[in-house]
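Coordinates in review
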Amino acid sequence: MDTIFALATAQGKAGVAVIRVSGPQAFEVSQALCTKPLPIAGRGLRVLVDAAGNVLDEALVFTFTAPHSFTGENTVELQVHGSTAVVSAVLEALGLVAGARMAEPGEFTRRALENGQLDLAQVEGLADLIDAETEAQRRQAQVILAGALGDLAERWRIDLIRAASLIEVTIDFADEDVPVDVTPEVTALLAGVKTDLEKETSGVQIAERIRNGFEVAIVGAPNVGKSTLLNALSGRDAAITSEFAGTTRDVIEVRMDLAGLPVTLLDTAGLRETDDHVEGIGIERAKDRAEAADLRVFLVEADEVLDVELRSGDIRMLPKADQRQDSAGAISGKTGQGVDALIAEISKNLQKRSTGAGIATRARHREAMLSSLMSLSEAQTILQRGSEFYDIAAEDIRSAIRSLEMLVGRVGVENLLDEIFSSFCLGK
């Protein structure tokens, strides 16, 4: 494989910038810039020079001998001063060394996958960790990156291999008396894996919401203070407010962190009958987004009925508390009355939902587990038909195993890799 290099820290001025070099000639390529021998399996200060001998910088150099590195290859990390000029000069000098080239997006992580340092689920966990904006996202990504999903898949895989081997022994010795009936053990193994898979599959949707963010829609008639409330919740003028009804004609989104959870607040058009074509489009969009939202906050009078029906968990409040003599159960984005209580209620509601999250976080994970579940259900049905059908049951179990191997990227995911790694930066 080629020896690759890239800036592993963020672009722009900083105290320190890290340039990573990885591949079979990582030591030789890095040595070409150092005036003294590299510190093997350690660290040390080295002066970096270009091909003409001009001093580029003094760097703290770390060396990692394969397989004891992120990529599983020989790796060198150059910690240089983080000025744009220094970083550019060092990268340019590396590019002129024979056998080295600039890394492509995600190429370091892809090599870690190919060298067995990470499974595919861990790669996705790493991408999520880099993108994490809230505490809940960070915790979730750390669990995946630590290999929890891969460990689960391996445990299920071992149980299914055991079940398949027991059945195949019965098939191989069909003409002889097998001393032990394997059906009870096989049935128990399949049932255990199936139960675990059903539980994990049911938690994917919530886990995916933690990763991508919950949506909370503010719903109500025109001019009840929805946009003012959105501005109060977000702490900035995200939406235009006025005394004229129908000001909001599209869905306005504000992303924020509520109690460590990622939440996108939606300010929707006021719900009413209208002859205005453009406003009508906004109202239809409002209804669609409200229906799809995880939670809705309704600003409505006690006897008011809207086209969007309340669901379990939705929050209903009276609007414009500042204009009421009795403000119990009311909220005002203008004065802030009731805003803290609403934030606490939304946070409590979403945290309660988050407890149902599984380890798996993506639609791809869910599809692989559902495929495995389908094969296990088929195998259980076939087993009940008797030993003469055991060969079919064994094939169904092997199909379930292949689905689990797809979950962690062992087989059948080549078409996904380019898409997954294209989201990574050059330094990863």
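Use the structure listed above.
An account of the accompanying structure is given in this report.

Rules and cut-offs
- Residues numbered from 1 in each chain as written.
- Predicted model: local features only at pLDDT ≥ 70, side-chain atom pairs only at ≥ 80, totals over all residues.
- Heavy atoms only, no water.
- Pairing = 2+ DSSP bridges.
- Helix = DSSP H or I, 4+ residues; strand = E, 2+ residues; numbered from the N terminus.
- Axes fitted to C-alpha atoms, helices over the stretch in contact; angles between N-to-C directions.
- Contact = heavy atoms within 4.5 Å.
- Phe/Tyr/Trp six-rings, centres within 6.5 Å; stacked < 30°, edge-to-face > 60°.
- Lys NZ or Arg CZ within 6 Å of the ring centre and 35° of its normal.
- Buried < 20%, exposed > 50% of the residue type's maximum accessible area, 1.4 Å probe, protein only.

What follows covers the sheet that holds strand E5 (residues 75–81). Across the sheet, which stays open at both edges, the six strands sit in the order E3-E4-E5-E2-E1-E6 with mixed pairing between neighbours. The open sheet has two edge strands, strand E3 (43–49) and strand E6 (100–102), and neither has a second partner. Strand-to-strand twist in this sheet, taken as the mean axis angle between neighbours without regard to direction, amounts to 30 degrees. Note: strand E1 (residues 3–7) against E6, three bridges, orientation parallel. Across the sheet, Phe5 pairs through a bridge with Met102, a residue of E6. In the packing of helix H3 (residues 107–114) onto the sheet, the strands contacted are E1, strand E2 (16–22) and E6, and the crossing angle to E1 comes to about 135 degrees.

Evaluation of the coordinates by the stated rule reveals zero aromatic pairs. Above the plane of the ring of Phe108 lies Arg20, whose end atom (NZ or CZ) is 5.3 Å from the centre. Positioned above the aromatic ring of Phe389, the side-chain terminus of Arg385 is 4.1 Å from the ring centre.

All right, on to the pairing of strand E7 (residues 214–220) then. Counting buried positions along E7 gives seven out of seven residues, so the element sits mostly inside the fold. Residues of E7 alternate between two faces, with Phe214, Val216, Ile218 and Gly220 on one and Glu215, Ala217 and Val219 on the opposite face, all of them buried. Where E7 meets strand E9 (residues 261–267), five bridges bridge the pair, whose relative direction is parallel. If you follow Val216 over to E9, its bridge partner there is Leu265. As judged from the five bridges shared by E7 and strand E10 (residues 295–299), these two strands associate in the parallel manner. Each bridged residue has a counterpart across the sheet, and for Val219 the counterpart in E10 is Phe298.

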